[in-house]
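Observations on chain architecture
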Amino acid sequence: MPNGKVVFSIQTNGTLFNKKNLEILKKNEVRIGISIDGSKEKHDKYRVYHNGNGSYDDILKGLNLVRNIAPDLLDSTLQVIDPKVSPASVLKNLEVLGIERTDLLFPDLNHDTIKNANIIPGEIGNWLIHVFKIWINQENAVHIRIFLTIINLLLGGKNGTDQLGAESIGTIMIETDGSYQVYDGLKTSFSGAGVTQMNVQDSTIESTDSLPLTKAFRNKATYASAICLNCELFRVCGGGNPIHRYSENKKFDQPSVYCEDLKLIINHIKSYILSVRPNLELVC
Ligand code: SF4
């Protein structure tokens, strides 16, 4: 809710878009985010229908329909980071698809689930540095939210995202049954996490603003561990996405599973800024 104004957006793979439902979104000024994981080969490996077929081609159809019917509402695409995929190919694919805005998301893993994920600490951070090095030198570069957010926060900006920053814009999810969820990714922590007893039928969106968990997501220091609160990068990192701090044993009271990666990419961008603007004062 920036400046007290509620902005509605839908995050979807877009496979069910048609002219009729897009007209409804357009009429109600609902912004659209589309999840698409890189190339067709990679996307179809992980995002499949019940029959095992990949959804990439249908997502492209949905994306093109939005471009034709409601281009102004197209917010950005989201893709989950896969450090095994070449950084250059990720950027190339965005160019081929004509995507102008995207975000690269850390996989929804926590201290319990990362053990089976075959991800080495620092692997994603080094991968992001590689993407950044290509991206920063591109003409007409795509808007990549994770990089722009780090730059903005280093320069003293306040509003982070779920993934970054000590403070972020308040977000509340509305499930298809009308119930409010604090943040849908919290489901990856434990059953019922993020559930509220509030529903659009009986509660205004504004009233969800006072829920302790909503406040905690806006002000990440609320549940951050002492290690994060004492970390010099906290104003930019915010301890990462709270769901990445979780384990059954310690709950949210520890740094992110991506601590090493966050340090790598934030420090790299910090060094880059100082190399081109040595006199700038950064927040950390
Ligand atoms: S997650 Fe790591 S880098 Fe981020 S604030 Fe905590 S200790 Fe610092």
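This text goes with the structure placed above it.
Quick caveat, the model's predicted, so the values are computed rather than measured. (Residues numbered from 1 in each chain as written. Predicted model: local features only at pLDDT ≥ 70, side-chain atom pairs only at ≥ 80, totals over all residues. Heavy atoms only, no water.)

In this section: the layout of surface pockets. Considered as a void within the structure, the second largest pocket measures approximately 260 Å³ in volume. Taken together, 14 residues form the lining of the second largest pocket, with Y46, V80, I81, D82 and P107 sitting closest to its centre. For the lining of the second largest pocket, a count of residues per class yields eight nonpolar, one polar and five charged. (1 Å grid on protein atoms, 1.4 Å probe; cavity = no way out; pocket = protein on both sides within 12 Å on 5 of 7 lines; lining within 4 Å. Points joined across faces, edges and corners; volume = space filled by probe spheres on them. Nonpolar A, V, L, I, M, F, W, Y, C, P; charged D, E, K, R; others polar.)

Another point: the site of the ligand. In the vicinity of the ligand, the residues found are C228, C231, F234, C237, G239, P255, S256, C259 and K263. At the level of secondary structure, the elements contributing two or more residues to the shell around the ligand comprise α9 (234-237) and α10 (259-276). Counted by class, the shell around the ligand contains six nonpolar, two polar and one charged residues. (Near = heavy atom within 4 Å. Helix = DSSP H or I, 4+ residues; strand = E, 2+ residues; numbered from the N terminus.)

Moving on: unusual backbone geometry. Despite not being glycine, E29 has its phi angle at roughly 55°, a positive value. Residue position: E29 is located in the loop between α1 (19-27) and β2 (31-35). Of note, K251 is a non-glycine position whose phi angle comes to about 55°, a positive value. Relative to the helices and strands, K251 resides in the loop between α9 and α10.

As for its position among the elements, V142 is in the loop between α5 (123-135) and β5 (143-144). Those residues in contact with V142 that lie beyond four places of it in its chain are L94, I99, E100, R101, T102 and W135. (Contact = heavy atoms within 4.5 Å.)

A cluster of nonpolar side chains, namely F8, I174 and V200, defines an oily patch on the protein surface of about 240 Å² accessible area. As for its placement among the helices and strands, F8 is situated in the segment before β1 (9-12). (Patch = residues over 30% accessible without salt bridge, like charges linked within 9 Å, V, L, I, M, F, W, Y side chains within 5 Å. Areas by Shrake-Rupley, 256 points an atom, 1.4 Å probe, with all protein chains shown as cover. Salt bridge = Lys/Arg side-chain N within 4 Å of Asp/Glu carboxyl O.)

Once that is clear, we can look at the sheet that holds strand β10 (residues 195-199). One open sheet accounts for three strands, arranged β8-β9-β10; its pairing is antiparallel. Since the sheet does not close on itself, it has two edges, and those belong to β8 (173-174) and β10, each with one partner. In terms of strand pairing, β8 meets strand β9 (residues 179-181) through two bridges, oriented antiparallel. Considered in β9, the bridge of M173 is made with Q181. (Pairing = 2+ DSSP bridges.)

Moving on to the side chain of S256. With respect to the helices, strands and loops of the structure, S256 is situated in the loop between α9 and α10. You can call S256 buried: its relative accessible area is 5%. In terms of polar contacts, S256 uses its side chain to reach the backbone amide nitrogen of Y258, at 2.8 Å. (Buried < 20%, exposed > 50% of the residue type's maximum accessible area, 1.4 Å probe, protein only. Polar contact = N/O pair within 3.5 Å; in protein donor to acceptor, adjacent residues only side chain to side chain.)

Bringing the packing of aromatic side chains into the picture now. Following the criterion strictly, the structure yields eight aromatic pairs and no others. Look at W135 and F147: their rings are 5.1 Å apart centre to centre, the planes differ by 45°, and that puts the pair in the tilted class. Within this pair, whereas W135 is found in helix α5, its partner F147 is found in helix α6 (residues 145-154), the two being separated by twelve residues in sequence. With relative accessibility at 0%, the residue F147 sits in the buried group. Note on Y246 and F252: the rings are 5.1 Å apart at their centroids and 55° apart in plane angle, and the pair reads as tilted. (Phe/Tyr/Trp six-rings, centres within 6.5 Å; stacked < 30°, edge-to-face > 60°.)

Nonpolar side chains in soluble globular proteins tend to end up buried together. Ranked by size, the top nonpolar core spans 55 residues in total, and within it L128, F147 and I266 carry the most contacts. Elements with a contribution of two residues or more to this core: α1, β2, α3 (56-69), α4 (87-97), α5, α6, α9 and α10. The greatest single-element share of this core, amounting to seven residues, is contributed by α5. Beyond its immediate sequence surroundings of up to four residues, L128 is in contact with I81, L104, F106, I146, F147 and I265. Y183, I243, Y246 and F252 belong to the second largest nonpolar core, which has eight residues in total. (Core = buried A, V, L, I, M, F, W, Y, C linked by side-chain atoms within 4.5 Å.)

The next subject is the environment of D253. Residue placement: D253 occurs in the loop between α9 and α10. D253 sits eleven residues away from P242 along the chain, and the two C-alpha atoms are 9.5 Å apart. Filtering out sequence-adjacent residues up to four positions away, D253 remains in contact with S225 and A226.

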